[in-house]
Amino acid sequence: MREPGRRGGTGADRGGALRRMRGRRRRGPGHAAGRNPDVTQTATPAGAPTGPRGMARHVFLTGPPGVGKTTLIQKASEVLKSSGVPVDGFYTEEVRQGGRRIGFDVVTLSGMRGVLSRIGSEPPPGKRECRVGQYVVDLTSFELLALPVLRNAGSSSGPGQRVCVIDEIGKMELFSQPFIQAVRQTLSTPGTVVLGTIPIPKGKPLALVEEIRNRNDVQVFSVTKENRNHLLPDIVTFVRMILVDHEMRNGFQSIRWRGAFAI
């Protein structure tokens, strides 16, 4: 694998890097060793793609809340877009008022913003709400912004690849059944590379999260306070190697971006 940050490289260099990457373990840099024995693992659905020649097709970051996953996603998106890679998707952002966190917004990479959740009072007896702790999820607002982005990525056709950012696939977002379906569709779309985030296992397993964590075509990076300032080159390089692999297998006929290994 090329050293992070090294620029340029010949076609032979890229081919050698790809061969070395294919020979690595699927869960590479930053992945925490071992599994939580208390978490029930969900089997990969039948027919889930395994990626070209066993290589991962999607990249996910995981780690505790507040460790910097969203920041890394934003920086990686900027680097990829600056080199001409088509990138779309959304990320979640804290909303603060008077220094106090009052909820979360969903923000698309095109600049649209909507409410994901806000602090809410306890509901009256008998009234059901989509709630995570003190936060009440606004499913209508979330779906209005997130679903069109995912459906557009999930219907991708034609030559070349695009990157779809999904930050994050967590408890709040998983109240939405249409969102779950759209994520699965996006993951199965040949022309789309998903760059997303998932929470670390805690409490009751989230079925879709464990499904993603165990897919053969997913590379998981574990983000910690110790490594978060050094992971960006690895993440960007891995995404670009997926893109390069696709283009090499298609005879470089659909390259729409530059600087395969430059950061």
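Residues numbered from 1 in each chain as written. Predicted model: local features only at pLDDT ≥ 70, side-chain atom pairs only at ≥ 80, totals over all residues. Heavy atoms only, no water.

- As recorded in an unreviewed UniProt entry, the chain goes by Nucleoside-triphosphatase, cancer-related and comes from Canis lupus familiaris.

1. As for the layout of surface pockets
Step number 1: What the largest pocket holds in volume is close to 1000 Å³.
Step number 2: Lining the largest pocket are 35 residues; nearest its centre among them are Pro-65, Gly-66, Lys-69, Phe-104 and Glu-168.
Step number 3: Within the residue set of the lining of the largest pocket, elements represented by two or more residues are helix H2 (69-82), strand E2 (87-97), strand E3 (100-108), strand E8 (192-199) and helix H5 (207-213). (1 Å grid on protein atoms, 1.4 Å probe; cavity = no way out; pocket = protein on both sides within 12 Å on 5 of 7 lines; lining within 4 Å. Points joined across faces, edges and corners; volume = space filled by probe spheres on them. Helix = DSSP H or I, 4+ residues; strand = E, 2+ residues; numbered from the N terminus.)

2. Topic: the environment of Leu-208
Step number 1: Residue position: Leu-208 is located in helix H5.
Step number 2: In this structure the C-alpha to C-alpha distance between Leu-208 and Ile-180, which are 28 residues apart in sequence, comes to 7.4 Å.
Step number 3: Discounting residues that sit within four places of it in the chain, Leu-208 has contacts with Ile-169, Leu-174, Ile-180, Val-183 and Arg-184. (Contact = heavy atoms within 4.5 Å.)

3. Section: the side chain of Ser-83
Step number 1: With respect to the element layout, Ser-83 can be found in the loop between H2 and E2.
Step number 2: A relative accessible area of 9% places Ser-83 in the buried class.
Step number 3: Here the side chain of Ser-83 touches Arg-240 through a polar contact of 2.8 Å, side chain to side chain. (Buried < 20%, exposed > 50% of the residue type's maximum accessible area, 1.4 Å probe, protein only. Polar contact = N/O pair within 3.5 Å; in protein donor to acceptor, adjacent residues only side chain to side chain.)

4. Considering the packing of aromatic side chains
Step number 1: Under the counting rule described, the total for this entry stands at five aromatic pairs.
Step number 2: Between the aromatic rings of Phe-104 and Tyr-135, the centroid separation amounts to 5.5 Å while the plane-to-plane angle is 65°, which identifies the pairing as edge-to-face. Of this pair, Phe-104 sits in strand E3 while Tyr-135 sits in strand E6 (residues 135-137); the two residues are 31 residues apart in sequence, bridging distant segments of the chain.
Step number 3: Taking relative accessible area as the criterion, Phe-104 reaches 16% and is therefore assigned buried.
Step number 4: Here the aromatic rings of Phe-142 and Phe-179 are separated by 5.2 Å at their centres, their planes lie at 65°, and the arrangement is edge-to-face. Of this pair, Phe-142 sits in helix H3 (residues 139-154) while Phe-179 sits in helix H4 (residues 177-187); the two residues are 37 residues apart in sequence, bridging distant segments of the chain.
Step number 5: The exposure class of Phe-142 is buried, given its relative accessible area of 0%. (Phe/Tyr/Trp six-rings, centres within 6.5 Å; stacked < 30°, edge-to-face > 60°.)

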